[in-house]
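Remarks on the overall topology
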Amino acid sequence: MENHAFSGTGENGKPIESRSVASAMNSTTTLQTDSDETKTTTTSTRDKWGRDIEFMLSCIAYSVGFGNIWKFPYTALKHGGGAFLLPYLIVLFIVGRPIYYLEMILGQFSSRGCVKLYDLAPAMRGIGVAQTIAMFVVMTYYAPVLAITFRYFVASFSSTLPWGECNPEWSNCVNSSFVGKLEPTNTSLELQSSAELYFLKEVIHKAPSLDDGLGMPDWKLALCLLFAWIVVATILIRGAKSTGKASYFLAIFPYVIILILLIQTVMLDGAMQGILYFITPQWDKLLSIEVWYEAVTQCFFSLSVCYGGIIAYSSFNNFSNNVHRDAVIISWLDTFTSIIAGCIVFGVIGNLAYVSGQPDIQKLARDGAGLTFMTYPDAIAKFQFLPQLFSGLFFLMLFIVGVGSNLGVTTSIITAIRDHRPNLQHWQVVLGTVAIGYVFGLLYLTPGGFDFLDVIDYYGAKYVTLTFAVLELATIAWIYGVDRICRDVKFMLGIETSFYWRLCWGLIAPAATLLILIFSFADFELQKVPMGYNVLGLFIYAIALLQLPGWYIYAVRRRRSKQTESLRKAARNALQPSDIWGPENDAIRLQYQREEEQYQAIQPTVTGALRRIKKRMFNID
C-alpha cells in the first residue's frame, strides 16, 4: 500500500492537513453509528489502485464494450444515421457525463460501493441493493456472450472459415464466401447465408421457441464460458492492483486492433458507401421523441452509469485523485470509440452490399448479436485477402473489451458483498461470485438461451436500471443535496463546482431520466414468450422494487429501537447521513464532520419552496 499524505481545502478556504493514510490505518476513534450506538472503530483502509492512471484505464475498459461495438451502430442507423449523433452528443453533455462525474465523486469521497454508499441516506439503501441485483443479472449473461465470442475467435484459425460454406444438411443456404449478385429463384423460401445458419445451428443450436423449455447447454460453449470466467477470476483475484495492471492491456490494445480494422475497412470496395450511409443525417428524425429516448438509453448503456460499477471502481481511488479530468476524458473517448466502431461495422456492411449486389444496406444490418455473429462474419467470409486474420482481430478485440466490461460488472458485486461482510477474504468472494456466474451463465448457452437472455435483460436489467437510476439521482440531488455534494467536492479536491454541474445534477439529469422511465412504461409490452418466462422477469423486477420500502422500514425500525423517536421523526431522520458517513480515513472524516457541523450552525432558516430549491441547488438565498 502506498503512503499518500492528504491535503485539501475546507469550506472556509483554509488548508486541511492530516496524517498519512498509512498511519491513520492504525488509529482508533470513537464514533457514532447510524443506529446511535457508540462503539470503537478501527479504520481498515480500502485496497487502492497502484496508480491514478490505472483507475482511468480501468474505467475505459469497463465503459467501452459491447454497447459501442454492436448497439451504437445499429441504433444510430435506425434513428437517423448522422442525425442521431446530435441528440446523442447533447444527451452525453447534459446527462451522461454529469452522472458519470457524480458517481466518480461519490465513490472516491466515501470509499464505498453502491450499497454502502447509502450511508448518505440509510433509508434509501434499497437503491444500491436493487442496482446490485441488476448488475448480477447483467453478469450472468455477459460472460456467455464472451464465450460465443471466444469460440468465433478460435474458429478464425481454421484453414477456411467454418461459416463461409454451407453444410449439406442446411436447406435454402447460400455460401457466405460467394461474391456476386444472387439470381432470383422460383422458391418462395427466403435464402439464408451460411454465416447466419452457422451461428443458429452450429454455435447456439437455436430452438424455434421457448415452448419446449431451454434445453441443454452446448458443451463447447460451456468450455468457452469456463475459459472466460477463468480469465476474469485471474485478473480479479488480487483486487484493484491486479485489475489496474490488466487495464493497461485491456484499455489500450483494443484501440490498436480498432485502428488496424479501420484502415483495412476503408480500403474495401463499397466501404465508403456504407460509412456515408451510417453518418448521413436524416434531420426529420430529430423531431421524434423516440430518437431522444434512444439517445438517453444508449448513453446509459454505453457509459454504464447507474449500474454501480463506476462507484465501485472510484472507491479504490486515492482521496485527492482528479476525477473531474477522468470523467471528461472517458466520456468523450467512449463516444469517439462508438463512432469509429460504427464506421468499421458499416464499412464492412457497405462492402457486403457491394459484393452481393444488395442496394439496401439497412436490410443487411441486424440488431445486437446478429450484427456481430451473423452480418459481420458473412462479410468477412467474402474477403479475398486473409479473411482469417481480420476475423481473428475483430473477435479478439470484441473479447478483450468484453472482459474489461465484465470486470467492472463483477467488481461492483464483489465490492457490495465485501462492504457488507468485510471479514470474508477477497479471494473467497471472487471465487464464489465467479462460480455462481458460471452456473447461471450455462442457461444462456442452451438452444433457448438467447430468447431467455432477451427476457431477463428486458425486465431484470433495463427496467430495474432505469427505475433505480431515477431514484438514485433523486436521492443524491434532493435528499442528500446538490449543495452538499459541492461542499464535498470542495473538501476533497479544493475546487468550486460550476453552475453547469449543479444544473445538470439537480434538474436536467433527474428530469431526463424520469421522462425516459415514463416513456418506457408507456411503451411496455410483455415479451413474446411463454407466460412463465414473463412471470419470472416480472418477479425479478418486483424483488428489486421491493428493496426500497423494505430497507426504508428496516432503517426506521432500527432508529426507533435505539432512540425514543416518533415514527414521523424516525422516518425523516433515516434520510439524514449516518454518523459514520464521510471519507474513509478517520482523521479526515472527523475534520470533514467538524466543518460540516460548523457550516450547518451558521446557516439561516430558509422558508418557501422556491428559496429552498435555490439554496439547495445553487447556494443562493
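About the cut-offs
- Residues numbered from 1 in each chain as written.
- Predicted model: local features only at pLDDT ≥ 70, side-chain atom pairs only at ≥ 80, totals over all residues.
- Heavy atoms only, no water.
- UniProt positions renumbered as here; feature names shortened; annotations may be inferred.
- Salt bridge = Lys/Arg side-chain N within 4 Å of Asp/Glu carboxyl O.
- Buried < 20%, exposed > 50% of the residue type's maximum accessible area, 1.4 Å probe, protein only.
- Patch = residues over 30% accessible without salt bridge, like charges linked within 9 Å, V, L, I, M, F, W, Y side chains within 5 Å.
- Areas by Shrake-Rupley, 256 points an atom, 1.4 Å probe, with all protein chains shown as cover.
- Helix = DSSP H or I, 4+ residues; strand = E, 2+ residues; numbered from the N terminus.
- pLDDT = per-residue confidence, 0-100.
- Contact = heavy atoms within 4.5 Å.
- Disulfide = S-S within 2.5 Å.
- Phe/Tyr/Trp six-rings, centres within 6.5 Å; stacked < 30°, edge-to-face > 60°.
- Lys NZ or Arg CZ within 6 Å of the ring centre and 35° of its normal.
- Expected span 1.5 Å × (residues − 1).
- Polar contact = N/O pair within 3.5 Å; in protein donor to acceptor, adjacent residues only side chain to side chain.
- Axes fitted to C-alpha atoms, helices over the stretch in contact; angles between N-to-C directions.
- Parallel < 35°, antiparallel > 145°, perpendicular 65-115°, else oblique.
- Left-handed = near helix turned anticlockwise from the far one by under 90°.
- Nonpolar A, V, L, I, M, F, W, Y, C, P; charged D, E, K, R; others polar.

Per an unreviewed UniProt entry, the protein chain goes by the name Transporter and belongs to Anopheles farauti. Regarding the protein chain, the relevant UniProt record gives this comment under Sequence similarities (unreviewed entry): "Belongs to the sodium:neurotransmitter symporter (SNF) (TC 2.A.22) family." In its Subcellular location (unreviewed entry) section, the UniProt entry covering the protein chain states "Membrane".

For the rest of this paragraph, the subject is the pattern of salt bridges. For the coordinates displayed, the defined rule picks out 16 salt bridges. Here Asp119 makes a salt bridge to Arg112, at a shortest N to O gap of 2.9 Å. With a relative accessible area of 8%, Arg112 lands in the buried category. With a shortest N-O distance of 3.9 Å, Glu525 and Lys528 are connected by a salt bridge. By sharing partners, the salt bridges in this structure join Arg112, Lys116, Asp119 and Arg125 into a single network.

Residues Leu259, Ile263, Val266, Met267 and Met272 make up a contiguous nonpolar surface patch of roughly 490 Å² in combined accessible area. Examining the composition of the nonpolar patch, we find that three residues originate from one element, helix H8 (residues 240-266), more than from any other. Looking at the element boundaries, Ile263 is found in helix H8.

On average, residues of the protein chain score 84 in pLDDT, and 88% of them are at 70 or above. No element of the protein chain has a lower mean pLDDT than strand S3 (residues 28-32), which averages 36, and none a higher one than helix H7 (residues 219-236), which averages 95. Contacts from residues 1-44, a stretch scored under 50 in pLDDT, to residues over four places away or in other chains number 96 contacts.

Let us now look at the state of the cysteines. Summed over all chains, the structure comprises one disulfide. For Cys166, the disulfide goes to Cys173, at an S-S distance of 1.9 Å. Taking the torsion about the sulfur-sulfur bond, which here is approximately -85°, the covalent link between Cys166 and Cys173 counts as left-handed.

Turning to unusual backbone geometry, a few remarks are in order. Of note in the backbone geometry, His205 takes a positive phi value of approximately 50° without being a glycine. For His205, a relative accessible area of 34% puts it in the partly exposed group. The phi angle at Cys306 is positive, at roughly 65°, despite the residue not being glycine. Among the secondary structure elements, Cys306 is positioned in the loop between helix H10 (289-303) and helix H11 (309-314). Note on Cys306: relative accessible area 2%, which makes it buried.

What follows concerns the packing of aromatic side chains. Tallying each qualifying case throughout the model produces 51 aromatic pairs. Three or more aromatic residues link up through ring pairs in this structure, and these residues are Tyr152, Trp163, Tyr198, Phe199, Phe373, Tyr376, Phe394, Phe395 and Phe450. When the ring centre of Phe301 is taken as origin, the NZ or CZ atom of Lys71, which lies over that ring, is 5.6 Å away.

A word on helix H14 (residues 387-420). Helix length check: H14, at 34 residues, gives a terminal C-alpha distance of 50 Å against a target of 50 Å (1.5 Å per residue), a fit within 8%. Along H14, 28 of the 34 residues are buried, which leaves the element largely enclosed by surrounding structure.

Turning to the UniProt feature "binding site: Na(+)" (unreviewed entry) in the protein chain, a few remarks are in order. Cross-referencing UniProt, the feature "binding site: Na(+)" (unreviewed entry) maps to Val64, Asn68, Ser302 and Ser405 in the present numbering. Spanning 342 residues, the annotated positions come together in the fold, the maximum distance between their C-alpha atoms being 11.3 Å. As for its placement among the helices and strands, Asn68 is situated in helix H3 (residues 66-78). Side-chain polar atoms of Asn68 contact the backbone nitrogen of Gly65, separated by 2.9 Å. Here Ser405 lies in helix H14. The residues contacting Ser405, other than those within four sequence positions of it, are Ala61, Tyr62, Val64, Gly65 and Tyr142.

Further remarks concern the environment of Leu146. On the secondary structure map, Leu146 appears in helix H5 (residues 125-155). A relative accessible area of 0% places Leu146 in the buried class. As for Leu146 and Phe66, which are separated by 80 residues in sequence, their C-alpha atoms are 9.8 Å apart. The residues contacting Leu146, other than those within four sequence positions of it, are Phe66, Ala228, Leu398, Phe399, Gly402, Val403 and Asn406.

What follows is about the packing of helix H16 (residues 449-493) against helix H20 (residues 586-601). How two helices sit against one another is set out by the angle between their axes and by the gap between those axes. Contact geometry for H16 and H20: axes closest at 12 Å, N-to-C directions at 130°. By the angle between their axes, H16 is oblique relative to H20. The way H16 lies across H20 gives a crossing that is right-handed. Facing Tyr480, Arg484, Arg487, Asp488 and Phe491 of H16, the residues of H20 in contact are Ile588, Gln591, Tyr592, Glu595, Glu596, Tyr599 and Gln600. Of the residues in the contact of H16 with H20, the class split is five nonpolar, two polar and five charged.

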